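One letter stands for each residue in the lines below.
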Amino acid sequence: MSEMMKIPGQLVFGLDIGTRSIVGTVGYKTGERFHVVAQCIREHETRAMLDGQIHDIHKVGSTINEVKICLEEKTGRKLTEVCIAAAGRVLRTTTTHVEYEFSGDKEVDGEDIYALDSMGVEKAYEEFLKNDNTDLKFYCVGYSVVRYYLNRYRTKSLEGHKAQVIGEDIIATFLPDDVVDGLYKAVGLAGLEVVNLTLEPIAAIQVAIPETYRMLNIALVDVGAGTSDISITKDGSIVAYGMIPIAGDSLTEVIARHCLVDFKTAESIKRGVAEKESIEYKDIMGLSQSISREKVLEVTAPVLQDMAKQVSDKIKELNGDKSVSAVFVVGGGGRLEGYTDALAKELEIQNERVAIRGEEVMQQITFYEEDARKDSLMVTPIGICLSFYEQSNNFVFVYFNDQRIKLYDNNKLAVVDAAMQAEFANDGLFPKRGKALNYTVNGKQRIARGALGEAAVIKVNGNEADIHTPIHANDQIKVTESTAGEPAALDINQLPEYGATMWVEVNETKIELPEFAMVNGQLQSGYYSIQDNDSIEFIKFYTVRQIAEFMDVIINQDLNIYVNNKLADMDTKVYENFSVIWTMEELQLSDRDIYGTGAADTYANLPEDDGSYVKSEERNVERPQIEEIDEEMPNASGTAEAGSGANAGEADGTQAADGSAASQTGTDRSRTAADSKELDIDPADIGKINTQNQEAFAKTNGNIKRSVLVTVNDKQIRLEGKAEYVFVDVFDYIDFDLSMPQGSGVATELNGRDAQYMEPIQSGDVIKIYWKD
C-alpha cells in the first residue's frame, strides 16, 4: 500500500459504465506509455441499464461506489474525480468546417488550437440544432478533428507553425440531456465529480487503433451489452461515429427464453460456451438442466446474424455506402463464437480481416497487477483514461449558490453563463426599477420611471465580481439577487409646465395669474401627488369668476361684465392678454376711448423678453419698407380729378348712406383750413397729394384723418377715420370673436413675423390673425 502512495504523476480514474458491468481503471501516463495501477469490475445485480442508458440511477450509483471503494483500497488514494464515457441509442453526429483568421502571421500555439476546436464544436452544435426536429435537449459528448488546415492547405498538425488562417474539419457527437445527466447523477451519488466526458467509440479507438493505422480505412466496433459503438478511420483521421442499440444482451435474452432461466443465468450460459462443451444450469422451476455448446450457438445464430447485419449496414452508411478494409472488434459482447465471421460475410471481406482486439493492442500499456485483465473488455476503460490526456474536457462544473451545474467549456465562460444555466432570473442580476407611473399631460402620454434598486452582489470564490467575471471548473459563485427601487413619485409642482403664468387686464390693471392644473377634472394644487393613469391638464384660461376669486373681489349682480369689450358673464373664459371690465355703467362701442378698454388699450403694455413692461410708444420697432401705390386723391371742390362719388367721401373719412361723399362740418373745415394755414399749405392742394406725401403730411399733422389698405387673412381691408393705425385696429374691421375662444391663444403676424398689438401698420401690410391650437 505504501508503495502505491509513491506512484509518480497524477492518477487518472476512468470508469466504463456499461449496460452489463462497470469497469474501473486507475493509472497514469509517462511519455507515450500508460500505467494501469489497479482495475475493478462489478456487474449490475439487476438490469439497471438498458441499451447503454441508465434506468435506475440509485442502483447504478451504488455499483459505482463499490468500484470506487475497491480501487481506493488497492491504490491507497482517495478518489474524488473521474473520467467517463457516454453511449446510447440516440446518438447524433455532425461534421463541419471552421476557420480562424489572424490579423497577421502568427505562430500557432495550443491555446489557438483549443479555441479553434471550441469554435468547431459550437458551429457543429448550431448546425445540429437546425436539423433537430425533436424536443430533446442535446449535449456534445465528444468530438474529433478529422483534419487540420494551415493557410487553407491540409496539414497533420498546426502547433508551432506560422499562419494567417487556421482551419479544421471536425466531427462532434451529441446525446440527449437525460442520458448525460443520468451518468452525472449516478457518479455524483458515489461522491465523484466528472473531470472528462468522452464517447465510448472515441475512447476505444485510443487503444485499439493507433495513429499509425489510421491512414487505413478501418472500422472499430465496440460490442457491449446494450449497444454496438462504431468508429471509422481513413486518411489518418477518425471520420465518423455511429451506434446501434443491439449487442450482447440480445444474445443473452434469446438464451434466457430458450432455457427458461433468468437473465443472470442466461449470461453465465453464454459465457460458458467459450470454455465448455456442455453447460449445467437450473431453470426457473428449480430443475437441473444442461445445454450443449452447439445448441447455444444454434439458438443464438439468428440474433447473431441480425446483429452482424445491422452493424455492417451502419459501417457502410458511415463509410460512404461502401465496405471497409478491416474491422477491429472490442468489448465483451463480440466474443461469442461466429460473430466476427458473420460480420465479415456481411461486409464481403475476408474473415481474417475482422478480428477481436485485446492484449495485442496494449503494447504501450503497463499493468501493475499480476492478475490484471488484458482482453478486449479492458480496451474501452483504458481508452477512457487516455482520453483525459488527449482532449480537454468538454464540460466544467461550478457551484452557483450551492447548486452544482454543468457548463460546456468554450474557454469563454463567465458568471452570466452559469446564471443562465442555473435558470437564475435575468432581472435578478441587474438593478430593478420601482413601479413606473403612467399619466397624461395635456393629452400626451408620459411615464415617470421608478428609482433603480441595488445591483446584484456577485462573488466568485469569495472575491467581488460581476456578470462578466471569467469562471473555471469548481468555482464557487454566490449571487445575491438585485433589489427593486422605490416606485415613481411625482408632484404636480415637479412638472415642467408647472409655474407658468398668464397676464390679463382687469379694469385697466395688469394682473398676473398662475396657470393651474386640473387632474381628472378636479382642480389640484402643486403639492398634489400624481397617481397612476391620472389625466392632467394645465388650463391656459380663467373664468371671470375665478379671476374675481383670485383677486378676492365680490362681483354683485348689478355689475356689468365685459371681456374684450363684449358683454360677458361670470363663466366667460379669459385667455392671456384679454381685458376684463366689471362696472355699473353700460359700455357703448364708442366708450372704449373714454374708458381705455378698447382692443388697442387692452394690449397697450406688452411684456419684454425680461418680463418687464413698457408702453407701446416707447418700443423701437423696426418695420419693413413697403412701397405704397400712388392713389388719386379728390380735391376739395370735388371736381372731375377727385370725382363726386365715394372718393370725395374717402378724403375726410365720412360717407353718406347712399354712397355719395358727405361734406365736412363747418367746424372740421375751419380746423383743417386753420391747420393748413399754420403750415403754409393751401387747402386746395391737399387733394393733389399722392399717397406717400399724404402719409408724410399726416405724420406731421396728426389731426388729418386718412385711410390705409391692408390684407388681412388674404382679404383686403380698408381702415378709415384715424390719422394713425396700429395692429389692434384691425380687429374692428374683421369677424374675429375674442369672447368665444377656439384655441389656446391668438396668433398675430405682420409681414411674415410675429406682431405686437400696438405696432403701427401702413398701407400694403400683410396681416394674419388666427387661433393657436
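As a reminder, the structure under discussion sits directly above these lines.
What you see is a predicted model, and the numbers here were worked out from it, not measured in a lab. (Residues numbered from 1 in each chain as written. Predicted model: local features only at pLDDT ≥ 70, side-chain atom pairs only at ≥ 80, totals over all residues. Heavy atoms only, no water.)

A.B. asks: Looking at this structure, I do not really get the overall build of the protein. What am I missing?
C.D. replies: The number of helices and strands found in the protein is 16 helices and 43 strands. Here the protein holds 773 residues, and 49% of them are scored as buried. Taking the intrachain contacts of the protein between residues at least 6 apart in sequence as the baseline, contacts between residues at least 24 apart amount to 63%. A total of about 39300 Å² of accessible surface is found on the protein, and carbon and sulfur atoms cover 46% of it. (Helix = DSSP H or I, 4+ residues; strand = E, 2+ residues; numbered from the N terminus. Buried < 20%, exposed > 50% of the residue type's maximum accessible area, 1.4 Å probe, protein only. Contact = heavy atoms within 4.5 Å. Areas by Shrake-Rupley, 256 points an atom, 1.4 Å probe, with all protein chains shown as cover.)

A.B. asks: Could you clarify how one ought to interpret the pairing of strand β2 (residues 21–30) in this entry?
C.D. replies: The buried count for β2 comes to 8 of 10 residues, which makes it a mostly enclosed element. Strand direction decides the pairing type here: strand β1 (residues 12–17) and β2, joined by 6 bridges, are antiparallel. Of the residues in β2, the one forming a bridge with Ile 17 is Ile 22. Counting the residues in the hairpin turn of β1 and β2 gives 3 residues. Alignment of β2 against strand β3 (residues 33–43), held across 10 bridges, turns out to be antiparallel. Bridged to Val 26 within β3 is Ala 38. The antiparallel pairing of β2 with β3 creates a hairpin that spans 2 residues between the two strands, and Gly 31 there sits at a positive phi of about 65°. (Pairing = 2+ DSSP bridges.)

A.B. asks: Help me understand the nonpolar core in this model?
C.D. replies: It is characteristic of soluble globular proteins that their nonpolar side chains tend to be buried jointly. Judged by nonpolar contacts, the single largest core of 115 residues is most densely connected at Ile 17, Ile 64, Ile 315, Val 327, Tyr 339 and Ile 382. Ranked by residues supplied to this core, first place goes to helix α7 (residues 293–318) with 10 residues. What Val 327 contacts, discounting residues up to four positions off in sequence, is Ala 219, Val 221, Ile 315, Leu 343, Leu 347, Ile 349, Arg 353, Val 354 and Ala 355. Residues Val 544, Trp 582, Ile 717 and Ala 755 belong to the second largest nonpolar core, which totals 46 residues. (Core = buried A, V, L, I, M, F, W, Y, C linked by side-chain atoms within 4.5 Å.)

A.B. asks: Would you take a moment to explain the side chain of Thr 252 for this structure?
C.D. replies: Secondary-structure assignment places Thr 252 in helix α5 (residues 248–259). Polar side-chain contacts of Thr 252 include one of 2.6 Å to the side chain of Glu 267. The residues contacting Thr 252, other than those within four sequence positions of it, are Phe 263, Ala 266, Glu 267 and Lys 270. (Polar contact = N/O pair within 3.5 Å; in protein donor to acceptor, adjacent residues only side chain to side chain.)

A.B. asks: Quick question: what am I supposed to make of the sheet that holds strand β30 (residues 522–524) here?
C.D. replies: What links the strands of a sheet is backbone hydrogen bonding, and the strands pair in either a parallel or an antiparallel sense. Spatially, 5 strands are ordered β23-β22-β31-β29-β30 in an open sheet, and the strand pairing comes out mixed. The strands lining the two open edges of the sheet, one partner per strand, are β23 (444–448) and β30. Recorded for the sheet is a direction-independent mean angle of 35° between the axes of neighbouring strands. The pairing of strand β29 (residues 516–519) with strand β31 (residues 534–539) spans 4 bridges and is antiparallel. (Axes fitted to C-alpha atoms, helices over the stretch in contact; angles between N-to-C directions.)

A.B. asks: Just checking my understanding: could you explain the state of the cysteines for this structure?
C.D. replies: Here, the word disulfide means a covalent bond between the sulfur atoms of two cysteines. Enumeration over the complete set of coordinates arrives at 0 disulfides. A disulfide-free cysteine, Cys 83 has its sulfur positioned 6.4 Å from the sulfur of Cys 385, the nearest such atom. According to the relative accessible area criterion, Cys 83 is buried, its value standing at 1%. (Disulfide = S-S within 2.5 Å.)

A.B. asks: Even after reading the chapter, I still don't get helix α6 (residues 263–272), so can you show me in this structure?
C.D. replies: Among all positions of α6, only Phe 263, Ala 266, Glu 267, Ile 269, Lys 270 and Gly 272 are buried. Of the surrounding secondary structure, the elements contacted by the buried residues of α6 are α5, β15 (278–282), β16 (288–292) and α7. In this structure Asp 262 caps α6, since a side-chain oxygen of it lies 3.3 Å from the backbone nitrogen of Lys 264.

A.B. asks: Looking at this structure, I do not really get a nonpolar patch on the surface. What am I missing?
C.D. replies: Taken together, the side chains of Leu 260, Ile 284, Met 285 and Leu 287 define a hydrophobic patch exposed on the protein surface, amounting to about 420 Å² of accessible area. Residue position: Leu 260 is located in the loop between α5 and α6. (Patch = residues over 30% accessible without salt bridge, like charges linked within 9 Å, V, L, I, M, F, W, Y side chains within 5 Å. Salt bridge = Lys/Arg side-chain N within 4 Å of Asp/Glu carboxyl O.)

A.B. asks: I keep staring at the sheet that holds β1 and nothing clicks. Help me out?
C.D. replies: The strand order β11-β6-β1-β2-β3-β19 describes an open sheet built from 6 strands, whose pairing is mixed. Strand pairing shows two members of the sheet lacking a second neighbour, β11 (193–199) and β19 (365–367), which therefore form its edges. Neighbour-to-neighbour, the strand axes of this sheet turn through a mean angle of 30°, independent of strand direction. Taken together, the 3 bridges between β3 and β19 define a ladder with parallel strand orientation. Residue pairing across strands places Val 36 opposite Phe 367, the latter belonging to β19. Relative to the sheet, helix α3 (residues 177–189) contacts β1, β6 (81–86) and β11, its axis offset from that of β6 by approximately 150°.

A.B. asks: Which parts of the structure should I look at to understand helix α4 (residues 200–208)?
C.D. replies: Side chains three or four residues apart in an α-helix point the same way, a direct result of the helix having 3.6 residues per turn. Buried residues dominate α4, accounting for 8 of its 9 residues. Among the residues of α4, Glu 200, Pro 201, Ile 202, Ala 203, Ala 204, Ile 205, Val 207 and Ala 208 are the ones counted as buried.

A.B. asks: Explain the packing of aromatic side chains to me, please; I cannot follow it from the model alone.
C.D. replies: Centre-to-centre distance and the angle between the planes together describe a pair of aromatic rings. Scanning the entire structure with this criterion turns up 13 aromatic pairs. A centroid spacing of 4.8 Å and a plane angle of 10° characterise the contact between Phe 128 and Phe 174, whose relative ring orientation is stacked. Note that Phe 128 is positioned in helix α2 (residues 110–131) and Phe 174 in strand β10 (residues 162–176), a separation of 46 residues in sequence. Comparing Phe 128 with Phe 174, the two get one shared label, buried. The ring of Phe 102 is capped by Lys 106, whose NZ or CZ atom sits 5.5 Å from the centre of that ring. Across from the ring centre of Phe 328, 4.0 Å away, lies the NZ or CZ of Arg 357, which sits over that ring. (Phe/Tyr/Trp six-rings, centres within 6.5 Å; stacked < 30°, edge-to-face > 60°. Lys NZ or Arg CZ within 6 Å of the ring centre and 35° of its normal.)

A.B. asks: How should the pattern of salt bridges be read in this particular structure?
C.D. replies: Side chains that differ in charge, positive against negative, can pair when their charged atoms come close. Going through the model one piece at a time under the given rule, you end up with 22 salt bridges. The salt bridge partner of Glu 66 is Arg 42, with a shortest N-O separation of 3.8 Å. Taken together, the residues Glu 66 in helix α1 (residues 57–75) and Arg 42 in strand β3 connect sequence positions 24 residues apart. Residue class for Arg 42 comes out partly exposed when judged on its relative accessible area of 30%. A salt bridge links Asp 169 to Arg 147, with the shortest nitrogen-to-oxygen separation between them at 3.1 Å. Residue Asp 169 is found in strand β10, and its partner Arg 147 is found in strand β8 (residues 138–150); the two are separated by 22 residues along the sequence. Taking relative accessible area as the criterion, Asp 169 reaches 12% and is therefore assigned buried. Through salt bridges with shared partners, a single ionic network connects Arg 20, Glu 43, Glu 267, Lys 270 and Arg 271.

A.B. asks: Help me out: how do you make sense of the packing of α5 against α6 in this one?
C.D. replies: Where α5 contacts α6, the two axes come as close as 8 Å, and the packing angle between them is 105°. Viewed along their axes, α5 and α6 adopt a mutual orientation that is roughly perpendicular. Along its contact with α5, which presents Gly 248, Asp 249, Leu 251, Thr 252, Glu 253, Ile 255, Ala 256 and Cys 259, the element α6 presents Phe 263, Ala 266, Glu 267, Ile 269 and Lys 270. Here the residues of the contact of α5 with α6 are counted per class, giving 7 nonpolar, 2 polar and 4 charged. (Parallel < 35°, antiparallel > 145°, perpendicular 65-115°, else oblique. Nonpolar A, V, L, I, M, F, W, Y, C, P; charged D, E, K, R; others polar.)

A.B. asks: Where do I start with the pairing of strand β40 (residues 715–722) in this structure?
C.D. replies: If a strand is regular, its side chains alternate between the two faces of the sheet. Relative to β40, strand β39 (residues 706–712) runs antiparallel, the two sharing 6 bridges. Each residue of the ladder has a partner; that of Val 708, found in β40, is Leu 719. Between the antiparallel neighbours β39 and β40 lie 2 residues, among them Asn 713 with a positive phi of about 50°.

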